[in-house]
Amino acid sequence: MNPVHIDGSTLVILRPSDSWLVSPYSVVTVGELEYDGESLLLTKRDGLRNISEDELRKIQFVRDDSRIRKCNGYALYHIEQRRRR
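Residues numbered from 1 in each chain as written. Predicted model: local features only at pLDDT ≥ 70, side-chain atom pairs only at ≥ 80, totals over all residues. Heavy atoms only, no water.

Asks: Explanation requested: the overall build of the chain in the structure shown.
Replies: When its secondary structure is counted, the chain shows two helices and six strands. Tracing the chain from N to C terminus, the helices and strands come up as α-β-β-β-β-α-β-β. Taken over the C-alpha trace, the chain has a radius of gyration of 13 Å; the compact-globule value for 85 residues is 12 Å, and the two agree within 12%. Within the span of the chain, comprising 85 residues, buried residues form 35% of the whole. Taking all contacts inside the chain whose residues are at least 6 apart in sequence as the whole, residues at least 24 apart take part in 46%. About 6200 Å² of surface is accessible on the chain, with carbon and sulfur atoms providing 45% of the total. For the chain, the distance from the average position of its 14 positive side-chain charges to the average position of its 13 negative side-chain charges is 12 Å. (Helix = DSSP H or I, 4+ residues; strand = E, 2+ residues; numbered from the N terminus. Rg over C-alpha atoms; globule rule 2.2 N^0.38 Å. Buried < 20%, exposed > 50% of the residue type's maximum accessible area, 1.4 Å probe, protein only. Contact = heavy atoms within 4.5 Å. Areas by Shrake-Rupley, 256 points an atom, 1.4 Å probe, with all protein chains shown as cover. Lys, Arg positive; Asp, Glu negative; His and termini not counted. Charge placed at Lys NZ, Arg CZ, Asp CG, Glu CD.)

Below is the structure:
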């Protein structure tokens, strides 16, 4: 995905939840993407987060028929791998 095409879009980053009974995913962070010509940043309430090339490749558009409820209201989403314990 080209950063120029998603500049200004909203992004929700999810992670598989520990409790599938409540929700299959939990929200890690949300914000608006900002591309300055070199770096793609996620602007959040508490600061900025750099979006890596690997994360950029995994970003997907939220479709109207998305079954992931936590994506509603956002243009894009990314699912992180669960952290190892």
